[in-house]
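Below are the chains, spelled out letter by letter.
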Amino acid sequence: MPAEGAEPVVVPADLWKRREMMSALTIRDIGHVFRLVRQYVGVSQTRIGVAVGLSQGKVSEIMKGAVQVTSFEVFERVAEGLQMPDLARMTLGLAPRNTVPRSGHQEEVTAESQVRTDLPSRYLANLTGASSRAVISGLRHVLAGHIQAEAIMGPPLLIRAVRSQIPVVAQVCQVTRGTDRAEALTFASELLEFCGWLHQDIGDFAHAMMWTNKALDYAMELGDQRIISYVLMRKSNIAIESGDHGHGVGLANAALIQPQALTPRLRAVILRTRAIANAHLGDAASSGADSDAALVEAIAGTTQEEDDCAPYCTPAYVAMETGATRLLLGQAAAAIPIFESSRSQWSLTSQARDHALLLARTATAYAVAGERDQACSLIEEAMPYLHALRSSRVASQLTTLQTHMSQWTKDPYVAELLTRFDVTTESFSLPAP
């Protein structure tokens, strides 16, 4: 008889198809996967640990949620140790291992179908340092397209595509050495940070922080202060949106620990983040000082020659964010001219989400200030941008706007406008994280 811990874990096939299991695999919540296996299979943490190559203590921490699994290597060990079928593996973001019979009956596995099924895993296994440069170059083009598309339509349709690239990049980082390794680490940090942003913009802050932490790991290994500071700023932004404003200030301070190493645009985007956190905390003086400093840096950034991660941080963008801090501080009248200054400078580019957010914030400021006609005009202007867009931050602002517009619902025009507005903003219904 084998020892208790050495007995294999046999998971019934129907458990992998349960809704809660598929949901856990989709968001890569290995703690939930382990809890479901223990609940329905009745195995101990020790047996799960032996199967997947983890200690009982580590399994316990993962099941409690104290530790999040983010390593591609651990995902693979979990999938192999629990003998996940291909559907479960692919839902977790891993390559399939076997062909899957259709219609419940066994079918012949042809050489062509076997090659087709094994291609992703074989491709990953055969990646070498020599081939990594071409892989990163190709994925950079793909990521650039994703970034452009996300600015127009929001994140939901892109999350799976971006996450599917993470195992490839992780493998590239494992096998790349020498001068190409810095390029691999740089791209890995950029991809993981973007993945974190996608989750943040659908309101999934836990996974946004998880992927951004992984981006910071790559940035720290790279040792590039500009990338480190940018990712710390993104962590600050996630903390602020999730309600942890004090931590947001601390992370922004950490991002500015070496300001002389940063470009003007990077300093600007970090300062505006800290300004928003201070506004949430009710510190009007600190928020105002940071906003003023951010605008000075953003203006300087219009002539900087060096590339960085924040080309979007223009004076118009900083003005929009400054207006948002005034709204948070209850200063709608002061916010209006700042928003209008931003609108006058705004470039009608592909940044549909930011433009929609600017219009919604400006309309909110007018509504709070009692300026009904101006608020209605801006709602009319914003609606064309909302049809294809999905964004939790814009959706949140629209909810606030509707609340303030409700004071005029007895006016027939406002009532009709809000009805059309309600129909349009129904498109903001986001998938559950």
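Caption draft 1: Up close: the packing of helix α18 (residues 352-368) against helix α19 (residues 372-386). Two elements in contact, α18 and α19, have axes whose closest approach is 9 Å; the angle formed by their N-to-C orientations is 160°. Judged by the inter-axis angle, α18 sits roughly antiparallel to α19. Crossing angle aside, the handedness with which α18 passes α19 is left-handed. Between α18 and α19, the contacting residues are A352, H355, A356, L359, T362, A363, Y366 and A367 on the first element and Q374, A375, L378, I379, E381, A382, Y385 and L386 on the second. Grouping the constituent residues of the contact of α18 with α19 by class yields 12 nonpolar, 3 polar and 1 charged.

Caption draft 2: Representation of the packing of helix α14 (residues 264-280) against helix α15 (residues 284-301) in the model. Direction vectors running N to C along α14 and α15 enclose 160°, while the axes themselves pass 8 Å from each other. Between α14 and α15, the angle is such that the two are roughly antiparallel. Once α14 is placed against α15, the crossing between them reads as left-handed. Within the contact between the two elements, α14 uses P264, R265, R267, A268, L271, R272, R274, A275, N278 and A279 and α15 uses S286, S287, D290, S291, A293, A294, E297, A298, A300 and G301. Residues belonging to the contact of α14 with α15 are distributed by class as follows: 9 nonpolar, 5 polar and 6 charged.

Caption draft 3: Spatial organisation of helix α4 (residues 56-64). Regarding α4, the residues found buried are V59, S60, I62 and M63. Down the axis of α4, the smallest arc covering the buried residues is 165°, so these residues share one side. Looking one or two places after α4, you find G65, whose phi comes out positive at around 85°.

Caption draft 4: Region of interest: the nonpolar core. Counting residues in hydrophobic clusters, the biggest one holds 89 residues, and the most contacted among them are I270, I379, M405 and F421. The greatest single-element share of this core, amounting to 10 residues, is contributed by helix α10 (residues 180-200). Beyond its immediate chain neighbours, meaning those up to four positions away, I270 contacts S229, M233, A252, A255, L256 and L262.

Caption draft 5: Summary view of the environment of A324. Mapped onto the elements of the fold, A324 is located in helix α16 (residues 315-328). Take A324: its relative accessible area is 11%, and that puts it in the buried class. In this structure the C-alpha to C-alpha distance between A324 and I338, which are 14 residues apart in sequence, comes to 9.2 Å. Beyond its immediate stretch of four places on either side in the chain, A324 contacts F339 and R361.

Caption draft 6: Layout of the pattern of salt bridges. If you walk through the whole model with that rule in mind, you get 25 salt bridges. For R372, the salt bridge goes to D373, with nearest N and O atoms at 3.2 Å. Here R372 falls in the partly exposed class, since its relative accessible area comes to 29%. For E380, the salt bridge goes to R420, with nearest N and O atoms at 2.8 Å. Here R420 lies in helix α21 (residues 412-425) and E380 lies in helix α19, a separation of 40 residues in the sequence.

Caption draft 7: Structural context of the confidence of the model for the protein chain. In the predicted model, the protein chain carries a mean pLDDT of 84, and 85% of its residues have values of at least 70. Within the protein chain, α14 carries the highest mean pLDDT (97), whereas helix α7 (residues 111-126) carries the lowest (48). Here residues 99-119 scores under 50 on pLDDT; set against residues more than four positions off or in separate chains, the count is 17 contacts.

Conventions used here
- For every chain, the first residue of the written sequence is number 1, and numbering continues from 1 along that sequence.
- Predicted model: local features are reported for residues with pLDDT of at least 70 only, side-chain atom pairs are reported and counted for 80 or more only, and whole-chain, interface and lining totals are derived from all residues.
- The side-chain numbers reported here are obtained from all heavy atoms of the structure, hydrogens and water having been left aside.
- Each axis is a line fitted through C-alpha atoms, and for a helix only the stretch in contact is used; angles between axes span 0 to 180 degrees, taken between their N-to-C directions.
- Helix and strand definitions follow DSSP, with helices as H or I runs of at least four residues and strands as E runs of at least two, each counted in order from the N terminus.
- Orientation categories follow fixed angle ranges, with anything under 35 degrees roughly parallel, anything over 145 roughly antiparallel, 65 to 115 roughly perpendicular, and all other angles oblique.
- Crossing handedness: left-handed means the near helix sits turned counterclockwise from the far one by under a right angle, and right-handed means the same turn made clockwise.
- In this analysis, two residues are considered to be in contact whenever any of their non-hydrogen atoms come within 4.5 Å of each other.
- In this classification, the charged set is Asp, Glu, Lys and Arg, the nonpolar set is Ala, Val, Leu, Ile, Met, Phe, Trp, Tyr, Cys and Pro, and all remaining amino acids, among them Gly, are polar.
- Buried residues are those whose accessible area, probed at 1.4 Å on protein chains only, stays under 20% of the maximum for their type, while exposed residues exceed 50% and partly exposed ones sit between those limits.
- In this description, one arc is meant: the one made by directions from the helix axis to the C-beta atoms.
- Nonpolar cores were defined as sets of buried Ala, Val, Leu, Ile, Met, Phe, Trp, Tyr and Cys residues, with membership established by side-chain atoms within 4.5 Å.
- Counted as salt bridges are all cases of a side-chain nitrogen of Lys or Arg within 4 Å of a carboxyl oxygen of Asp or Glu.
- A residue's pLDDT is simply how confident the predictor is in it, with values from 0 to 100.

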